[in-house]
Every structure is written in C-alpha cells, then in structure tokens.
Amino acid sequence: MGVGIKISDLNAWYGTNHSLQEIQLDIPANHATALIGPSGCGKSTFLRCLNRMHETNPIARVTGKVLINEVDIYAESSPVEIRRRVGMVFQRPNPFPTMSIYDNVASGLKLNGFRSRRVLDEVVERSLRQSALWDEVKDDLKKKSGASLSGGQQQRLCIARALAVDPEVMLMDEPASALDPISTAKIEDLIFELKSQYTIVIVTHNMQQAARVAENTGFFLMGKLVEFDSTHKIFTNPRDKRTEDYITGRFG
Amino acid sequence: MASQSLRPPLRASNVNVFSRRIKSNIVSGLALLATIIVIAPLIAILFYLLKQGITSLNWNFFTKIPVPAGESGGGMENAIVGSGVVLALASLIGIPLGIGAGIYLAEYAGSTRMGNLVRFTADVLNGVPSIVMGIAIYALIVLPQKHFSALAGGVVLGIMMVPTVTRTTEEMLRMVPHAIREAALGLGVPAWRSVLTITVRTASAGIVTGCMLAFARVAGETAPLLFTAFGNAFQSTSLNEPIAALPLQIFVYAVSPYDEWHRLAWAGALVLIVLIMASVALVRYVTSRGMLKGAS
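Criteria and thresholds
Residues numbered from 1 in each chain as written. Chains lettered and ligands numbered in written order. Predicted model: local features only at pLDDT ≥ 70, side-chain atom pairs only at ≥ 80, totals over all residues. Heavy atoms only, no water. Phe/Tyr/Trp six-rings, centres within 6.5 Å; stacked < 30°, edge-to-face > 60°. Helix = DSSP H or I, 4+ residues; strand = E, 2+ residues; numbered from the N terminus. Buried < 20%, exposed > 50% of the residue type's maximum accessible area, 1.4 Å probe, protein only. Lys NZ or Arg CZ within 6 Å of the ring centre and 35° of its normal. Domains from an automatic or database assignment. Contact = heavy atoms within 4.5 Å. Buried area = accessible area lost by both parts, 1.4 Å probe. Polar contact = N/O pair within 3.5 Å; in protein donor to acceptor, adjacent residues only side chain to side chain. Nonpolar A, V, L, I, M, F, W, Y, C, P; charged D, E, K, R; others polar. Salt bridge = Lys/Arg side-chain N within 4 Å of Asp/Glu carboxyl O. Pairing = 2+ DSSP bridges.

**Some details on the packing of aromatic side chains**
Link 1 in the chain: Using the criterion set out here, one finds 9 aromatic pairs over all chains in the structure.
Link 2 in the chain: Summarising the aromatic geometry, the rings of Y48 of chain B and W266 of chain B are spaced 5.2 Å apart at their centres and angled 80 degrees between planes, so their arrangement reads as edge-to-face. Taken together, the residues Y48 of chain B in helix α1 (residues 17–53) and W266 of chain B in helix α12 (residues 259–289) connect sequence positions 218 residues apart.
Link 3 in the chain: When the ring of Y253 of chain B is compared with that of W261 of chain B, the centres are 4.3 Å apart and the planes differ by 10 degrees; the resulting orientation is stacked.
Link 4 in the chain: Owing to a relative accessible area of 3%, Y253 of chain B belongs among the buried residues under this scheme.
Link 5 in the chain: The exposure class assigned to W261 of chain B is buried, which follows from its relative accessible area of 16%.
Link 6 in the chain: Seen from the ring of W13 of chain A, R61 of chain A lies directly overhead, with NZ or CZ sitting 4.3 Å from the centre.

As structure tokens, then:
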C-alpha cells in the first residue's frame, strides 16, 4: 500500500539559485498527484527532493522536512534506503543497455543482494504484468537487451524495474513526454491502475494528462507552490489568478 | 510583395551535375588512396613475414628449446612460454591498476587537482621511452635482487600497460549517459555498487578494447625486457629467474651471424604477430559472446 507524504518548509538550491522556496504540501496516500507549471518552475526539483535524488548533484542543497509514512527522510534515513522505498521513473526511458529485459527488471533486487531464482522469476513476471509489458516481451526475456525495445516499451520496462523493488511511492518525471500518443495512453492507463497500490506523484507539462490521471494537482511557479487542490478545482475554478492564467494558456 | 529571399533560386541550369560528380569522385578517390597507404604497410609486413618465416615453422619450433649455434633443429618453445608468463603477469598488474585508476578519474576525481595530476602523470608515463622504463625497473628490482627475473619483466610491461588502460577506461566511463547512473541510484543502489556493476558494465566493451590495445603494445616490447627478463636459453617458468621472451629471442637471433638463426628469427616474428592477433581476437570473441540482441 502507498503512504502519504508530508512536506514542510522545503527549500532547495542549485548553487546560489534558490530553486524551491518554502514548500508546504500534504500528498495523500494511494492517489495520483500531478505537478504542473512552466519549465524551470521547480516541479522536477521538488520531485527529486522526495527521494533525495536532488542531492546527487554536487552543487545542490536542501533544507526542510519531508515525512514519508511519518519518517523524516532527511533526518532518519539514508538516501539509499529511501530510494528503495520511493521509486522513480525518468523523463527519458533509461533501461540498462547491456542487460537483458529480465535483468533490467531484476536489477534493483539483484544489486541489493537477492539471489533466489524462484523469487526473482516471480517478481519479474509480476512487475512486467503490472506495467502491461509481459505479453509483448515474455518470449525474449533473457535474449533481448532492454535497449532493443521501442521507446514506449522501454518506459514501461523502466516502470516495471521501479515496481520490482516494491516501493511505497512512485515518482514520475514527465514519464510520457518522449513518447507517442499511443504509448502515452498506455502509460496513463498504467498510472490509473497503479494508484490503488502506490502513492503516485507525476510531473507533467501536459495539462490534459494531469486532468486524466490525477485526483489532485499542484501548480508551481518560480520555485513556489502557488496552489494545490483537487484537479477538478484547479482546472475549473482556481483560486489564484496566476493558476488561471497558466491553465488557460495566457503564459507558460 | 514578398521580402527578397537570400536563397539562390533553384533552377536546373544552376546544378552542374557533371562537375559535382567529378569533385565527388576526386574526394572519394583521395580517401581510398589514403586508406590503401595506411593498410599497405601492414599487409606488406604480414606477407613478408609469412614468406620468410613459414618455411622454418615446424613442430620443433613450438616444442623444442634453442640448440647451440651450428646445430640444426631447435625451436622457441621456451620463448613462447616465457612471453606467456611475462604477459600474464603484466596483465595481472596493469589491467586492475589501470581500470581502478580509470574509475577513480571518471567517477570520483573529476577535474580536481588530484584528478588532473593523475591524468598528467598517466600521459607522461605513456610518453616515457620503453628503454627508460626498462632501466628504471632494472634499478628498482633487478639491482636489489642481484639477478634478472621474469618478475621484473612482468612488472615493467605491467606498468607500461597502466596509462593506456587508465585513459581508455576513463574515456569509456565518461561516455556512459548520466541517465543510466540516475536509473541505478533511483533504484536504491549504493553509489559504489552502481559504479562497479552498472557503469563499468555499460562501458565494458570499450574497456576491453583498451586493455587489448595495451596488451598488444607491450607484447612486442623488447628494450625493457633486455634489462629485466634478460632472456634464457633454457626452459623456465619461475618468476625468480631470467626468462626467455619472443621479442628478446628474435632480437638475439636477428643480430647473430648465423643463417639458421636468421630464419628462426623470421619464424619467431611471424609467431609473435599471429599470437598477438589471436589473443586479441579470442578476448573479443569471449567478451562479445555474452552480448544481447540490440545491446548498444
């Protein structure tokens, strides 16, 4: 089951650039939450603060609290541990090119020391079924490289890889922006399926996508969270003038 | 009225197909010529070695040790085995050190002062004449031990492999996309493990090529072995004793006054080149066997 995320006083910097300012936000468990906003508004940085990927950049810095299932991930846990509990799917599909489809999915478990063939076989099949890729690849699991799949299949492979370590939260950074409409629809169906079991946070540039998959939506602008509400409210009756300007296409 | 276009108008008379074709053929011809000039020496060397060496190649060459001058028969079994021993030791030293240093440069040092120092040192080491390397190891290992040895030979060749392996490993690791590293970190893989398993594995084809380049280069080295492995007319596999090596044996036989030895030197040169090519091909084959369909 997914868990909720409570964010308070979150600030993030790249060098001297204060890219996230005083973010307060409660992300509900087992829902999909969309983050929208113009390029450079901080939504991806925010996402990367939720699994401590932000700090992998040597000039990056973070302050504030992020509570996942009541545990402060910056105070009470190591980044490696937190990234096992909070999975991430990136903008461009990034399967490991020298690994087979099977090894890609199993990589998270294998690299953390799991060796049991039987368990790995089970997890690989379950994860690929969850990401709706199983039927397309089941005959080539160990023969083909992850890089030999199409872009849309690669992205679903990356989702399966993230699911295989059984996370509680899934972060998705524009997961469909490099894909064609059919693959995009498949990814969206998938998000819809997955949110019964995981808490999903998705960054998107595509407002229709936010409307289709997410119950709640947050609007970021220039490093600040301008508005957070139910997706319906954000798109029909936003409180803030800037949100309205953005969703009606007046800027951004 | 439309604004004036900067593009020249496209008209059939503008396109002089004939002169374009001539220019294209001239450039293609020059490229072909350059290719031939580059390949010709290699082909010529191979053919000349075959012509001179093949007649002296027989079963004895691979199974017998040298006989005194004037006697016929005898081979280079000891030198072939010796080269194998020295090169195996060199690879054991040079490849792990080189790959380790390459990982350090690409993944940890970046462009820090220490990183640049290591990079500069590797480049200088690459440029040190091989005979100087031989003298250095002579002073460091042979003199204190008071005898020549296979160990000293392996060490000098191993050190000569390090800079090539280091720099190619670094270059290949740098070519691994950032997205791949992020994928590993995002799965909760510790950084060191991600480097060793994901990044190095992704770059492995290039790293193997670098190791093979370094191997092939030192396999033919003669000068540094003169001061270290020294050569041995008898069979030896001990690391503590002087040992024969193909390049050394070729050198000794080639400068000797005997026709029989000259013929053996040609045969030795042929065997050396074929062995180098065969081992490079074998390693490439073995490492490419695990490759998957569509892997890049």
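Still more to cover.
**Here we look at the domain arrangement of chain B**
Residue and element names in this part refer to chain B.
Link 1 in the chain: Taken domain by domain, chain B consists of domain 1 (2–56) and domain 2 (59–295).
Link 2 in the chain: The C-alpha-based centres of domain 1 and domain 2 are spaced at 36 Å.
Link 3 in the chain: Counting from both sides, the interface comprises 9 residues of domain 1 and, opposite them, 9 residues of domain 2.
Link 4 in the chain: Of the roughly 770 Å² buried between domain 1 and domain 2 on both sides combined, carbon and sulfur atoms contribute 82%.
Link 5 in the chain: Ranking the residues of domain 1 by area buried against domain 2 places L46, L49 and S56 at the top, with a combined share of 60%.
Link 6 in the chain: Linking domain 1 to domain 2 there are 0 residue pairs in polar contact (both at pLDDT 80 or more).
Link 7 in the chain: Looking at the side of domain 1 that touches domain 2, its residues break down into 6 nonpolar, 3 polar and no charged.

**Concerning the pattern of salt bridges**
Link 1 in the chain: Here the structure, examined in full by the defined rule, presents 24 salt bridges over all chains.
Link 2 in the chain: One salt bridge in this structure joins D229 of chain A and R239 of chain A, with 3.7 Å as the shortest N-O distance. On the criterion of sequence distance, the pair formed by D229 of chain A in strand β10 (residues 224–230) and R239 of chain A in the loop between α9 (231–236) and α10 (241–247) is long-range, its members being 10 residues apart.
Link 3 in the chain: Of the residues examined, D229 of chain A reaches a relative accessible area of 21% and is grouped as partly exposed.
Link 4 in the chain: Among the salt bridges present, the one from R174 of chain B reaches E170 of chain B, with a minimum N-O distance of 3.0 Å.

**Overview of the interface of chain B and chain A**
Link 1 in the chain: Contact residues are listed per partner, giving 21 residues for chain B and 32 residues for chain A.
Link 2 in the chain: Approximately 2200 Å² of surface area, both sides summed, lies buried where chain B meets chain A, with 64% of it carried by carbon and sulfur atoms.
Link 3 in the chain: Taken together, the connections running from chain B to chain A amount to 1 salt bridge.
Link 4 in the chain: Here chain B and chain A share 4 residue pairs in polar contact (both at pLDDT 80 or more) between them.
Link 5 in the chain: Class assignment of the residues belonging to the side of chain B that touches chain A gives a composition of 11 nonpolar, 6 polar and 4 charged.

**Some points on the sheet that holds strand β1 (residues 5–14) of chain A**
Link 1 in the chain: Ordered in space as β2-β1-β4-β5 (chain A), the 4 strands form an open sheet in which the pairing is antiparallel. This sheet does not close on itself; its edge strands, each paired only once, are β2 (17–27) and β5 (71–72) of chain A.

**Overview of the environment of G115 of chain B**
Residue and element names in this part refer to chain B.
Link 1 in the chain: One can find G115 in helix α4 (residues 113–127).
Link 2 in the chain: For G115 and L226, which are 111 residues apart along the polypeptide, the C-alpha to C-alpha distance reads 34 Å.
Link 3 in the chain: In this structure, G115 is in contact with L105, A109 and G110, ignoring residues within four places of it in sequence.

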